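# Examination of the molecular architecture
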Amino acid sequence: MDNKNTESGSPNSLDSFERMDMVDWYSPAQLASTGMRAVVSAVFGDYADKREIQAALERNQKAMKPFDFSERSELWMDYVSDLGSGWDSTYSVAYLLGRESLSAADRQGNKHHLKRGNILVMGGDEVYPTATPLEYKNRLVGPYTSSLSYVDKTDDPPTLFAIPGNHDWYDGLSSFLKLFCQQRWIGGWQTRQTRSYFAAKLPHNWWLWGIDIQLSADIDKPQIDYFDEMHKQASTGDRIILCTSEPVWVYQEYQPDDKPYRNLRFFTSRYTKKKEKKLNFRLMLTGDMHHYTSFKNTEKDPPDWKITAGGGGAFAHPTHQVPDQLNLEEGTYEKSAAFPDESESRRMALNNLKFPFINLRFGALFGFVYMLFGWIIGTSGTGSASVMHTWAATGLAEWARVCSSTATLLAGSPGLSLLLLLLFSGILAFADTKRKKPAASWIAGLMHGALQVVLLISAVWLTYYLVFGVGGFLPDTVSGIGLSALALLVFGWLFSGFAMGFYLMSTTLLLKTHETEAFSSFRGENHKNFVRLHLSDEGLTLYPIKIPRAYKHWVKAEGDLRKGAPRYVPRAGDHLEYGLIEDPIVIK
């Protein structure tokens, strides 16, 4: 990941990288690895906060000065978040960001010529699933360097700022600091910040601030000191674009823990309520939710805006669970637009009916659990042998006998009962109960756990009936053991997968929960977005860009990389479809 570009006149070098698929979030190995890293980063973050360490190591006056773009008459900026995932989705966004200009029409048919940003802001979760040098290289540096390989220093290369999200923190922020805080180049974009937060002074009395909320922890003292200094250098009434890594204004509407929102309110109030100098937070940009939603304050004229634009490449999140109205301390905010829209979001949830065919590794895990349960029954002694013979001779219409024999089996086998209890408890713990009204979620979790247990027992019964009863194979023969194991593996894959898929689909549609689990399950690579901003003496104008479908048929380009040509382009006759999500937003 050593990609410092210090010489003008040569394209930014990039070692070979691997085009990655979308992250398989339901892979057992992936779940275990991500979970372990999350726990470790949270624990060590409490004792060794990298934000405080980086400030302690940087004791110079230059570090307390903003990056200054204020002398320009106009400025273009790009904002993208939640980006380093699969190649096609990530590069579809990076490809557009790297072009010198884009053209998009609003609903009235007016065409807008949109120049590439002088500043690119990456708003958190720059890589998935976890932060390692290799993942950054394959999932972020590779796609972005392929999009814009080089910009000569004499041609005013764009500046890249970044703030970390929770996935960037999973290695304690080490890889993030190396990539973004050592003045390296990522393709034609140059990083300039030295900390995981930043401030830039923009033209026409605007500022760009990016804060690091480190896994929803309190904002550290050195970071407060830094922005206190920025406040001293600002003028009364200056307008702030604030970038943060979570849409806490949305989360506080339905999650019981509003500490992250309180932290943000503490930070903004510190600079909006000072008598000697009040600043105006006119726009807040964030990601974390992989969709686009915009909210405007209906109690102010002109309104302030809060926008989530997390469509940089990771799987798409739903929008149907996002409230139409936010009742915040600073006023009431009404939803202006969403991408995908609510009807499309609900249709996307139906993909969970294909859960077992998409998440094969998850199915293999449950297939193993089914085989283990069947093996324990077959080797647990006389009582289990009796149950095996009963189930083998019991047809599909005689379910009462199956229930009776199952009760007898479990009463005499504590080990089997414990295994089922562990399965039930694990499924119940999966329930999304972090809501202000969790009762329905608990009920859904109980029903899901009970269904998975019933399906497990039913699969073993069906296996014994079909293999030993109908098929006539003996349970102590190689053929009988092999066929029963295969049947249990298939039943475990299908039964558990369909049950999980139906549960996720039902809860996200009816209860509006499990938005992450239900949409990461099918790894949606479409519905991507970013925001292009234009600052001039007429105000700040936002152009929310949508990419309805990730492009898949990239071919090697023949252009001169010295002229900023991309390494990969759509094949001849094709183009990457994009457009505006909503009409341009003007903030005075």
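This text gives an overview of the structure that appears in the document. Since this is a predicted model, take the numbers as computed values, not measurements.

## So, the overall build of the chain
Secondary structure summary: the chain contains 17 helices and 22 strands in total. On C-alpha atoms alone, the chain measures out to a radius of gyration of 27 Å, which is about the 25 Å that the 2.2 N^0.38 rule sets for 588 residues. Along the three orthogonal principal directions, the C-alpha set of the chain runs to about 85 × 55 × 55 Å. Within the chain, residue pairs in contact and separated by at least 24 positions form 77% of the contacts whose partners lie at least 6 positions apart. Of the roughly 24,500 Å² of accessible surface on the chain, a fraction of 56% belongs to carbon and sulfur atoms. In the chain, 61 side chains carry a positive charge and 63 a negative one; their mean positions are 2 Å apart.

## Observations regarding the nonpolar core
Within the largest apolar cluster, 53 residues are counted, with the highest numbers of intra-cluster contacts made by Tyr370, Phe373, Ile377 and Trp391. Breaking this core down by element, the ones donating at least two residues are α9 (342–349), α11 (360–378), α12 (382–392), α13 (399–411), α14 (414–429), α15 (439–470), α16 (478–511) and α17 (515–520). The greatest single-element share of this core, amounting to twelve residues, is contributed by α15. Discounting residues that sit within four places of it in the chain, Phe373 has contacts with Leu416, Leu419, Leu420, Leu456, Ile457 and Val460. In this structure, Leu97, Leu120, Ile547 and Trp554 belong to the second largest nonpolar core, which totals 44 residues.

## Some details on the layout of surface pockets
Its volume calculated, the largest pocket comes out at about 1,700 Å³. Taken together, 47 residues make up the lining of the largest pocket; nearest its centre are Asn166, Tyr170, Lys434, Thr516 and Glu517. Those elements that place two or more of their residues in the lining of the largest pocket are α1 (28–47), α7 (248–254), α8 (259–272), α11, α14 and α17. The biggest single contributor to the lining of the largest pocket is α1, with six residues. By residue class, the composition of the lining of the largest pocket is 22 nonpolar, 15 polar and ten charged. The volume enclosed by the second largest pocket comes to roughly 380 Å³. If you trace the second largest pocket, you find 21 residues lining it, with Glu100, Arg116, Val151, Asp155 and Asp156 closest to the centre. Taken together, the residues that form the lining of the second largest pocket break down as six nonpolar, four polar and eleven charged.

Parameters at a glance
- Residues numbered from 1 in each chain as written.
- Predicted model: local features only at pLDDT ≥ 70, side-chain atom pairs only at ≥ 80, totals over all residues.
- Heavy atoms only, no water.
- Helix = DSSP H or I, 4+ residues; strand = E, 2+ residues; numbered from the N terminus.
- Rg over C-alpha atoms; globule rule 2.2 N^0.38 Å.
- Contact = heavy atoms within 4.5 Å.
- Areas by Shrake-Rupley, 256 points an atom, 1.4 Å probe, with all protein chains shown as cover.
- Lys, Arg positive; Asp, Glu negative; His and termini not counted.
- Charge placed at Lys NZ, Arg CZ, Asp CG, Glu CD.
- Core = buried A, V, L, I, M, F, W, Y, C linked by side-chain atoms within 4.5 Å.
- Buried < 20%, exposed > 50% of the residue type's maximum accessible area, 1.4 Å probe, protein only.
- 1 Å grid on protein atoms, 1.4 Å probe; cavity = no way out; pocket = protein on both sides within 12 Å on 5 of 7 lines; lining within 4 Å.
- Points joined across faces, edges and corners; volume = space filled by probe spheres on them.
- Nonpolar A, V, L, I, M, F, W, Y, C, P; charged D, E, K, R; others polar.

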